[in-house]
Every structure is written in structure tokens, then in C-alpha cells.
Amino acid sequence: GDSWGIFTFLCAALCNLPALPALNCTEELGAGQSIQKTYDLTRYLEHQLRTLAGTYLNYLGPPFNEPDFNPPRLARAERVPSATVDLDLWRGLTDNARLAANYRAYSRLLCYLRALDGQAGTAELRHRLGHFCSSLQGLVLSIAGVMSSLGYPLPVGPAGTPAPPGTPVAPNDFLKKMDDFWLLKELQTWLWRSAKDFNRLKKKVPPAVVTLRLEARGF
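Residues numbered from 1 in each chain as written. Predicted model: local features only at pLDDT ≥ 70, side-chain atom pairs only at ≥ 80, totals over all residues. Heavy atoms only, no water.

Volume-wise, the second largest pocket comes out at about 270 Å³. The wall of the second largest pocket is formed by Glu46, Leu49, Arg50, Ala53, Leu57, Phe181, Leu184, Lys185, Gln188 and Trp192. Every element with two or more residues in the lining of the second largest pocket is listed here: helix 2 (31-60) and helix 6 (173-204). Split into classes, the residues belonging to the lining of the second largest pocket amount to six nonpolar, one polar and three charged. (1 Å grid on protein atoms, 1.4 Å probe; cavity = no way out; pocket = protein on both sides within 12 Å on 5 of 7 lines; lining within 4 Å. Points joined across faces, edges and corners; volume = space filled by probe spheres on them. Helix = DSSP H or I, 4+ residues; strand = E, 2+ residues; numbered from the N terminus. Nonpolar A, V, L, I, M, F, W, Y, C, P; charged D, E, K, R; others polar.)

Mapped onto the fold, serine 142 is located in helix 5 (residues 123-149). Given a relative accessible area of 7%, serine 142 falls into the buried group. (Buried < 20%, exposed > 50% of the residue type's maximum accessible area, 1.4 Å probe, protein only.)

With that settled, the discussion passes to the packing of helix 2 against helix 5. One way to put it is that helix 2 packs onto helix 5 with a least axis distance of 9 Å and a crossing angle of 155°. Comparing their axes, helix 5 and helix 2 come out roughly antiparallel. The hand of the helix 2/helix 5 crossing is left-handed. (Axes fitted to C-alpha atoms, helices over the stretch in contact; angles between N-to-C directions. Parallel < 35°, antiparallel > 145°, perpendicular 65-115°, else oblique. Left-handed = near helix turned anticlockwise from the far one by under 90°.)

Scanning the entire structure with this criterion turns up seven salt bridges. Notably, a salt bridge pairs arginine 98 with aspartate 95, separated by 2.5 Å at the nearest N-O pair. With arginine 98 and aspartate 95 both in helix 4 (residues 95-119), this residue pair falls three residues apart, about one helical turn. With respect to burial, arginine 98 and aspartate 95 carry one shared label: buried. In this structure, the salt-bridge partner of lysine 176 is aspartate 180, at a minimum N-O distance of 2.8 Å. Separated by four residues within a single helix, lysine 176 and aspartate 180 lie in helix 6, roughly one turn from each other. The exposure class assigned to lysine 176 is partly exposed, which follows from its relative accessible area of 24%. (Salt bridge = Lys/Arg side-chain N within 4 Å of Asp/Glu carboxyl O.)

Taken by themselves, the reported measurements are silent on function.
Okay, here's the thing in C-alpha cells:
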């Protein structure tokens with residue numbers, strides 16, 4: 001009847017129409033999201049380090065695991081990147097300079113932590129150190145991603161340069177433990193300051209933008 005004829009006509013018309021443009025929703029993964037990811041990872045590492053430090057300091061024994069133990073930093077500990085920089089001076093640096101300093105410091109700290117992993121005396125401690133090293137490696141890569149997204153070059157030189165060959169080994173067990181103590185202490189301060197750095201930086205950079213893109217197909 002007439003209804004069947006109308007249905008046939010509509011089907012033929014639709015089949016001969018050109019394909020309609022496809023509407024795609026894509027998210028630009030820009031600097032804002034990269035900074036947020038790095039900030040989140042820094043806070044996670046802060047939490048992870050509290051557990052690791054407690055376990056490791058108990059492994060070192062007294063006086064290193066005593067809450068009020070606060071020894072002076074020895075000259076031999078200066079090879080570990082120090083976070084004790086004047087706060088106003090640090091904030092006065094450019095974003096690029098602060099990011100580069102973070103990248104260098106964590107690359108070097110990672111080398112020392114991997115050395116601790118090889119010397120740990122218990123399976124549990126080796127497991128914790130190995131997991132933390134993997135997370136810290138992720139932070140180094142994440143900082144590199146932030147620098148790239150902002151158009152900053154990575155610092156020149158290999159990441160994670162180990163201690164110079166001429167660096168003397170600790171002459172006794174106590175000084176070796178002191179080195180380990182300062183490594184954890186400096187790492188704690190770096191993470192605390194980095195979290196503040198990335199929190200400020202993410203407020204400067206707009207969040208990821210959602211864009212709509214029309215793609216014409218079938219023509």
C-alpha cells in the first residue's frame with residue numbers, strides 16, 4: 001500500500017545520503033594534567049617514605065631510630081643532594097630552574113637508594129626499597145614529562161650520575177649508618193618541598209582542555 005511505498009522511498013533516500021560528519025570529543029593531555037599527576041605522585045612518595053624510613057631506621061637501630069636524634073651533617077654527606085636552600089632564594093628561581101634542580105636531585109638520590117637496596121639485610125626491607133625505587137623512578141620520568149610539556153629542555157648530562165669513583169667508603173659501620181640516615185632525611189625534605197612546588201605550578205597552568213573536533217567522512 002501507500003505506507004510500504006513511503007517506507008521504501010525513505011530507505012532509498014537515507015542510503016544515498018553522504019555520511020554525516022562524525023563528532024569526536026578528545027582531551028588534550030597538556031601540561032596541567034602532567035603537573036597534577038606529578039604532584040599526586042610526590043604526595044604518594046611522601047606517604048610511602050614515612051613507612052620505609054621507620055622500617056629502615058629500626059633496621060639501623062639506636063640512636064638512629066630515636067625520635068629526637070638530630071646529628072650534624074657530616075662533610076662526607078655533602079655528596080647527597082641537599083634540600084636545605086633558603087626558601088626565598090628557592091622561590092625566586094624560575095620554574096625551569098626549580099624543575100631542573102628536582103630532576104637532578106631525584107636522579108642522584110635514586111642511585112644512592114638503589115645502593116641501599118643491594119645492602120639491605122632483610123627480605124622485607126629489600127622489597128620496600130625496591131618498590132620505593134620504582135616509584136621514585138616514576139617521579140623522575142614524570143618531572144621530565146612536565147618539563148617537556150612546558151617546553152623546557154632536560155638538564156644536560158646523564159640522569160642519576162653515581163658517586164664519583166674517588167668517593168671514600170665509610171671507614172666504619174656507624175658512619176655508614178649516618179650516610180643512610182642523611183639520605184632518608186634529605187629525601188624527605190626534597191619530597192616535602194617538591195609537593196609545594198608542583199602545587200604552586202599547577203595553579204599557574206590551566207587544566208586540560210576538552211575540545212570538539214568534526215571529522216567529515218564518506219565524501
